[in-house]
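Each chain, letter by letter, is given below.
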Amino acid sequence: MTNIISHFQKHDAGASPIHLNNVSLRYNGISVLEEINADIPAGEHIAVVGPNGAGKTTLMKLIAGLIEPTQGEINIFGHGPGGHICIAYVPQRSQVDWDVPANVAEVVMMGRIHQIGFFHWPTRVDWTIVGEALERVDMSAFSDHRIGELSGGQQQRVFLAQALSQEAEVVLLDEPLTGLDILSQNAILHILDDLRHAGVTVLTATHDLNLAAKHFDQVMLLNRRLISYGPAATALSQEALIQAYGKQVHMLPGADGALILSDTCCEGEDEFLKS
Amino acid sequence: MNELLSFLIEPFQYSFMLRGLWASLIVGVICPILGAYVVLRGMAFFGDALAHIILPGVVIAFLLGWPYAVGALIFGVLAALLIGFISRRTDIKDDTAIGVVFAGAFALGIALISLQRSYAVDLTHILFGDLLGVSNSDLMLMGILGFLVLVTVFAFYKEFLVLSFDPILAKTLRLPVNFLQNLLLVLLAVVIVISLQAVGVALVLAMLVTPASSAYLLTRRLPNMMLLGALIGALSSVLGLYLSFYINVASGASIVLVATAIFAIIFVVAPQRGALWSWLSARRERSQS
């Protein structure tokens, strides 16, 4: 998985999958992200948390190379994100046209478009890879189904299968767990663990602090600035949370410090940054 | 039996009818194949506008003695790029930008025609087609352009599918999104030029969207939608020509009417996505609860 080098941009040996150097983004005079510095090693599974408008979606889009920072530098394996085809990005409110007549297998195959190449058609090898990807997300039974017929959790799994078939090494997921039931959430978290063990770097934006603390080994706490970054226990310290959320977070003294009760959710972030 | 045969054969004993048949078949097959993307990407208004926008191009080409297709293509491509430019650079919404360019260019075309003496005759031919006036060289041009469209749609099949499915995905996969979008617009302009003589600028839209959306109601995959659309388009062309011959209706209009009738039938009876099916399943659910 990790030894696939894109024809587009070669990966520098030893360079980290994601390196953010003083990254800022201003949009119409409004500061969306300020001076983000982070270095994310391979195979990490990181939760990106923060209040509404903290810039989680913007950060994802910057790393995906869909927008450019106004200042600073983003490097993916040593080069700017624009030339990479090793990045998979699953937006929160995707612009997917669910009415397109395509079945699940075809949608997963879309991830392989560069491996297939212009003027070529999928080979048996490509179909095998797609079949394996569907198997890993436990969606083989739906291979012939129209993509529009699936439930939200199933659609998320198809997008993960697409990232697998793409042989992506950096996977960016924007609120993949929102609106899913516990079973679907666990299924997706399980797949993400699989990816991590295969050396893939996964960034998951979520508004659910409990989930972030429980399931992710590293947490990025964001509110325009990077407030903390590290293991959940330290990154989600009481001071850090107050700094990020102000009074939005209610805290109760618990057995091991603080118990996070609530955080208002998530819709409408970065509405003005339509790409 | 013999009567039926002669009924079927009679129209095509005239060579102009035979050329008309070939021309309408080319249009009937090519339009729905590209039309699948017009339907999926919601470009119906754009397609209609583009058809009208090429009017001044056709007139200018006619005045300069060029082949009409050249003028139409130049205007079609320029207008497509201009609309994109207006909506990207200002706060004006896409459909407004299209409306402005569409109406302006169409007016320019009418103004240019009105300066000519043969106003009435030519305008109706451009607006509603002149299937029976198709010459051998027209037919050749239509065939070549149609073939090029088919080859391009085939060659960029998977890229166009990704673009229709999710433009963000297309960008993340580093597909040349702008190039593909412009290519689709150019293909659209070419298909309109091909259809000009068969159905005219006012009815091109029907050939682009009606058979394709009929096929959409019946299929689950894009290749099937294209093939079935082409079949419905070809059937509409042939039936329309008979209708035109025997009851003396304008050929472009009768082809479009047949296509519309086929759509109406499929719309009602199509399994799963048809109106009747939805009504029945809604009733069944009501009676169960």
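What counts, and where the lines are drawn
Chains are numbered independently. Their residues run from 1 in the order of the written sequence. Chains and ligands are labelled sequentially in the order written, the chains with letters from A and the ligands with numbers from 1. It should be noted that, the model being predicted, local features are given only for residues of pLDDT at least 70 and side-chain atom pairs only at 80 or more, the latter also being counted only at that level, while totals for whole chains, interfaces and linings use all residues. By our criterion, buried Ala, Val, Leu, Ile, Met, Phe, Trp, Tyr and Cys residues that link up through C-beta atoms within 7 Å make up a nonpolar core. With C-beta atoms placed from the backbone, a residue is buried if 20 or more other C-beta atoms are within 10 Å of its own, exposed if 12 or fewer are, and partly exposed between those counts. In this description, a residue-residue contact is defined by the distance between C-beta atoms placed from the backbone, which must lie within 7 Å. In this text, helices come from DSSP runs of H or I with a minimum length of four residues, and strands from runs of E with a minimum of two, each type numbered from the N-terminal end. Each residue receives one of three labels: charged for Asp, Glu, Lys and Arg, nonpolar for Ala, Val, Leu, Ile, Met, Phe, Trp, Tyr, Cys and Pro, and polar for the others, Gly being one of them. Between any two strands, pairing holds if DSSP finds at least two bridges. For crossovers, right-handed means that the path from the first strand over the helix to the second runs clockwise, given strands pointing away from the viewer. Whenever a helix is involved, its axis is fitted only over the stretch in contact; in every case the axis is a line through C-alpha atoms, and angles between N-to-C directions fall within 0 to 180 degrees. For every residue, the pLDDT score states the predictor's confidence, bounded by 0 at the bottom and 100 at the top. In this scheme, roughly parallel covers angles under 35 degrees and roughly antiparallel covers those over 145, while 65 to 115 is roughly perpendicular and the rest are oblique. Crossings are classed by handedness, with left-handed meaning an anticlockwise turn of the near helix from the far one by less than a right angle and right-handed meaning a clockwise turn.

*Asks:* Just checking my understanding: could you explain the nonpolar core for this structure?
*Replies:* Counting 171 residues, the largest nonpolar core has Leu172 and Val219 of chain A together with Leu34 and Leu50 of chain B as the members making the most contacts within it. Excluding anything up to four places from it in sequence, valine 219 of chain A contacts Ile46, Ala47, Val49, Ala212, Ala232, Ala235 and Leu236 of chain A.

*Asks:* What should I look at first to understand the interface of chain A and chain B in this one?
*Replies:* Reports of interface size often rely on the accessible area that becomes lost once the parts have come together. Each partner contributes residues to the interface: chain A has 23 residues there, and chain B has 23 residues. When residues of the side of chain A that touches chain B are traced back to their parent elements, those giving at least two are strand 5 (87-90) and helix 3 (113-116) of chain A. Ranked by the residues each element gives to the side of chain A that touches chain B, the list is headed by strand 5 of chain A, at 3 residues. Each residue belonging to the side of chain A that touches chain B can be placed in one class, and the counts come to 16 nonpolar, 5 polar and 2 charged.

*Asks:* What is the right way to look at the pairing of strand 6 (residues 170-174) of chain A in this model?
*Replies:* When a strand is regular, its side chains alternate between the sheet's two faces. Residue and element names in this part refer to chain A. Most of strand 6 sits out of view: 5 of its 5 residues are buried. Here strand 6 shows a buried face lined by Val170, Leu172 and Asp174 and a second buried face lined by Val171 and Leu173. Both strand 5 and strand 6 contribute to a ladder of 4 bridges, which runs parallel. Residue pairing in the sheet places tyrosine 89 in a bridge with leucine 172 of strand 6. Looking at chain direction, strand 6 and strand 7 (residues 201-205) are connected through 5 bridges and run parallel. Bridging across to strand 7, aspartate 174 finds its partner in alanine 205. Handedness of the crossover joining strand 6 and strand 7 through helix 6 (residues 182-197) is recorded here as right-handed.

*Asks:* Just to check I follow, could you spell out the sheet that holds strand 4 (residues 71-75) of chain A for this structure?
*Replies:* Hydrogen bonds between backbone groups are what pair the strands of a sheet, and the pairing can be parallel or antiparallel. Residues and elements named next belong to chain A. The sheet built from 3 strands is open, its strands ordered 2-1-4 with antiparallel pairing. Edge positions in the sheet fall to strand 2 (30-40) and strand 4, since each of these pairs with one other strand and no more. Going from strand to strand, the sheet's axes swing by 20° on average, the running direction of each strand aside. Relative to strand 2, strand 1 (residues 18-27) is paired through 7 bridges, and the arrangement is antiparallel. Looking at strand 2, one finds that leucine 25 is bridged to leucine 33. Packed onto the sheet, helix 1 (residues 56-64) meets strand 1, strand 2 and strand 4 and runs at close to 120° relative to strand 1.

*Asks:* Please clarify how the sheet that holds strand 3 (residues 45-49) of chain A should be interpreted in this entry.
*Replies:* Residue and element names in this part refer to chain A. If you walk across this open sheet you meet the 6 strands as 5-6-7-3-8-9, and the pairing is mixed. Either end of the sheet is taken by a strand with one partner, and the two such strands are strand 5 and strand 9 (225-230). For this sheet, the mean angle separating the axes of adjacent strands, direction not counted, is 15°. In terms of strand pairing, strand 3 meets strand 7 through 4 bridges, oriented parallel. In the sheet register, valine 48 faces strand 7, and the bridge partner there is alanine 205. Of the strands in this sheet, strand 3, strand 6 and strand 7 are in contact with helix 6, which crosses strand 7 at around 150°.

*Asks:* Just to check I follow, could you spell out the pairing of strand 3 of chain A for this structure?
*Replies:* Residues and elements named next belong to chain A. When you tally the buried positions in strand 3, you get 5 out of 5 residues, the bulk of the element. Residues His45, Ala47 and Val49 of strand 3 are buried on one face, and the alternating residues Ile46 and Val48, pointing to the opposite face, are buried as well. For strand 3 and strand 8 (residues 218-223), the ladder comprises 4 bridges, and the chain directions are parallel. Paired with alanine 47 across the two strands is valine 219, which belongs to strand 8.

*Asks:* What am I meant to see in the confidence of the model for chain A here?
*Replies:* Detailed reading of the predicted model is not advised wherever pLDDT is low. Residue and element names in this part refer to chain A. Scored by pLDDT, chain A comes out at a mean of 83, with 85% of its residues at no less than 70. Taken as a whole, residues 1-6 scores under 50 in pLDDT and shows 12 contacts with residues more than four places along the chain or in a different chain. Here residues 263-275 is modelled with pLDDT under 50, and outside its nearest four sequence neighbours on either side it reaches 26 contacts, counting other chains as well.

*Asks:* What should I look at first to understand the packing of helix 3 (residues 44-53) of chain B against helix 11 (residues 177-199) of chain B in this one?
*Replies:* Describing two packed helices takes the angle between their axes plus the distance from one axis to the other. Residues and elements named next belong to chain B. Orientation of helix 3 relative to helix 11, taken along the N-to-C sense of each, is 55°, at an axis distance of 10 Å. On the basis of the axis angle, helix 3 is oblique to helix 11. Like other packed secondary-structure pairs, helix 3 and helix 11 cross with a definite hand, here right-handed. Between helix 3 and helix 11, the residues in contact are Gly47, Leu50 and Ala51 and Leu188, Ala189 and Ile192, respectively. Tallied by class, the residues present in the contact of helix 3 with helix 11 amount to 5 nonpolar, 1 polar and no charged.

*Asks:* Please explain the environment of leucine 276 of chain B as it appears in this structure.
*Replies:* Turning to its location among the elements, leucine 276 of chain B is positioned in helix 15 (residues 275-288). With residues up to four places along the chain from it excluded, the contact list for leucine 276 of chain B reads Val268 and Val269 of chain B.

*Asks:* Please explain the environment of isoleucine 126 of chain B as it appears in this structure.
*Replies:* Residue and element names in this part refer to chain B. On the secondary structure map, isoleucine 126 appears in helix 7 (residues 119-128). Overall, the presence of 24 C-beta atoms within 10 Å leaves isoleucine 126 in the buried class. Taking the C-alpha atoms as reference points, isoleucine 126 and valine 201, 75 residues apart in sequence, are found 6.4 Å from one another. Apart from the residues within four sequence positions on either side, isoleucine 126 is in contact with Leu55, Val58, Gly200 and Val201.

*Asks:* I keep staring at unusual backbone geometry and nothing clicks. Help me out?
*Replies:* If a residue is not glycine, its phi is most likely negative; likewise, a peptide bond is most likely trans. Residues and elements named next belong to chain A. The phi dihedral of phenylalanine 77 falls on the positive side, at around 50°, and the residue is not glycine. Among the secondary structure elements, phenylalanine 77 is positioned in the loop between strand 4 and strand 5. Under the C-beta neighbour-count criterion, phenylalanine 77 is labelled buried, with 25 such atoms within 10 Å. In this structure, phenylalanine 119 takes a positive phi of about 65° despite not being glycine. Mapped onto the fold, phenylalanine 119 is located in the loop between helix 3 and helix 4 (124-136). With 11 C-beta atoms packed within 10 Å, phenylalanine 119 lands in the exposed category.

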